[in-house]
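Listed below, chain by chain, are the residues.
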Amino acid sequence: MMVFAHISDIHIGGSEASADRARLVMRHLSTLRLDAVVVTGDIADHALAEEYETAAEILSSDVPLIVCPGNHDSVPVFEKLIGPANQVLRLDEVTIALADSSVPGQPHGYLADETLAWLDEVLSERPGVPAFVGMHHPPVDLGIPYVDQIKLVEPERLEAVVRRHPHVAGVLVGHAHTGVSTTFAGVPLVIAPGVISTCLTTVETDGFPLDYELPPAFALHFFDGERLVTHFRPVILK
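Now for a description of the structure that goes with this document. Predicted model, so just to flag it, every value in this text is computed and none were measured. (Residues numbered from 1 in each chain as written. Predicted model: local features only at pLDDT ≥ 70, side-chain atom pairs only at ≥ 80, totals over all residues. Heavy atoms only, no water.)

Attention now moves to the overall build of the chain. Within the chain one finds six helices and 15 strands. Taken against the 2.2 N^0.38 rule, which gives 18 Å for 238 residues, the C-alpha radius of gyration of the chain at 16 Å falls within 12% of a compact globule. Taken over the C-alpha atoms alone, the chain extends approximately 45 × 35 × 35 Å along its principal axes. Counting across all 238 residues of the chain, residues that qualify as buried make up 54%. Nonlocal contacts in the chain, meaning residues at least 24 apart in sequence, comprise 67% of its contacts between residues at least 6 apart. With 14 positive and 32 negative side-chain charges, the chain shows a separation of 6 Å between the mean positions of the two kinds. (Helix = DSSP H or I, 4+ residues; strand = E, 2+ residues; numbered from the N terminus. Rg over C-alpha atoms; globule rule 2.2 N^0.38 Å. Buried < 20%, exposed > 50% of the residue type's maximum accessible area, 1.4 Å probe, protein only. Contact = heavy atoms within 4.5 Å. Lys, Arg positive; Asp, Glu negative; His and termini not counted. Charge placed at Lys NZ, Arg CZ, Asp CG, Glu CD.)

Written as structure tokens, this is what we have:
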């Protein structure tokens, strides 16, 4: 059984508590018996070098950690201070490939031709090993207009790649600041909760949907080689 944590949207610099919330989550993850940590974007809030420097310190981990940028990130600064925008983690039991879905200066997501080609190549390397594909932007509507209008555009291009590789076991994303489980391209699609804030649905609020008072949370994935089981866990602020 492989167990890995999935966090997203730490937005360092996005609030006075952003760094403390991210540290709290990472400190909690360090107490768990994990095989890996996946971070699906929006690492910095203003794409400032000092925000990435803080994030790099916070995201240090004793287990393998893989991270991609989001729409708040600057890829050149991200790549200088965090790592490549497209990353792959090859473990014995699974491959995890995170792709850059950010569009410079825009909130929506898009997977460029060269990014999809990279993803297709990575997935072709170990066809007998289950793989997870990740990025920042969800490829489906989530019933939250605030998020749905800035999701991944042309998701059918990603779907074609996923369906071409039957060993893909799931898709992991962020961006929505709320834990969601659904399906895409015939496999599980899991959206990690936000660390900096929680996005409420239209049945929970009539106003601005982001709640900065609710505790940060993360997804905890269990994978037995065939089935993905996900638990969502808050981390209580102390």
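Turning to the pattern of salt bridges, a few remarks are in order. The final tally for this structure, using the stated rule, is eight salt bridges. We note a salt bridge from Glu154 to Arg157, for which the minimum N-O separation is 3.7 Å. Between Arg163 and Glu159 there is a salt bridge whose closest N-O contact spans 2.8 Å. In this pair, Arg163 and Glu159 are both assigned in helix α6 (residues 155-164), four residues apart and thus about one turn of the helix distant. Look at Arg163 and you get exposed, because its relative accessible area is 53%. Judged by relative accessible area, which is 26%, Glu159 ranks as partly exposed. When salt bridges that share partners are traced, they join Asp20, Arg23 and Glu57 into one network. (Salt bridge = Lys/Arg side-chain N within 4 Å of Asp/Glu carboxyl O.)

Turning our attention to the packing of aromatic side chains. Summed over the entire model, instances satisfying the criterion amount to four aromatic pairs. Measuring from centroid to centroid gives 6.3 Å for Tyr52 and Phe78, while their planes differ by 90°, and the two rings are edge-to-face. Taken together, the residues span a long stretch of sequence, with Tyr52 in helix α2 (residues 49-58) and Phe78 in helix α3 (residues 75-81) at a distance of 26 residues. Summarising the burial analysis for this pair, Tyr52 and Phe78 share the class buried. (Phe/Tyr/Trp six-rings, centres within 6.5 Å; stacked < 30°, edge-to-face > 60°.)

On to the side chain of His136. In this structure, His136 sits in the loop between β8 (131-134) and α5 (145-148). The class of His136 is buried, set by a relative accessible area of 0%. In terms of polar contacts, His136 uses its side chain to reach the side chain of His175, at 2.9 Å. (Polar contact = N/O pair within 3.5 Å; in protein donor to acceptor, adjacent residues only side chain to side chain.)

When α2 is considered as a whole, its buried residues turn out to be Glu51, Tyr52, Ala55 and Ile58. Buried residues along α2 cover an arc of 120° about the axis, so they all sit on one side. As for α2, its buried residues are in contact with α1 (18-29) and α3. (Arc of directions from axis to C-beta.)

Strand order in the open sheet formed by six strands is β4-β5-β8-β9-β11-β10, and the pairing between neighbours is mixed. Looking at which strands have only one partner, the edges of the open sheet turn out to be β4 (87-90) and β10 (180-184). Strand-to-strand, the axes of this sheet are offset by a mean angle of 20°, without reference to chain direction. Bridge analysis of β4 against strand β5 (residues 95-98) gives four bridges, and the strand direction is antiparallel. Bridged to Val88 within β5 is Ala97. In the packing of helix α4 (residues 113-125) onto the sheet, contacts are made with β4, β5, β8 and β9 (168-173), and the angle to β5 comes to roughly 175°. Here α6 sits on the sheet in contact with β8, β9, β10 and β11 (187-191), set at roughly 75° to β10. (Pairing = 2+ DSSP bridges. Axes fitted to C-alpha atoms, helices over the stretch in contact; angles between N-to-C directions.)

Pairing is mixed in the open sheet, where five strands are placed in the order β3-β2-β1-β14-β15. One side of each edge strand has no neighbouring strand; the edge strands of this open sheet are β3 (65-68) and β15 (228-234). Going across the sheet, the axis of each strand differs from the next one's by a mean of 20°, ignoring polarity. Pairing of strand β1 (residues 2-7) with strand β14 (residues 217-223) involves five bridges; the strand directions are antiparallel. Each bridged residue has a counterpart across the sheet, and for Val3 the counterpart in β14 is Phe222. Set on the sheet, α1 makes contact with β1, β2 (36-40), β3 and β14; between it and β1 the angle comes to about 175°.

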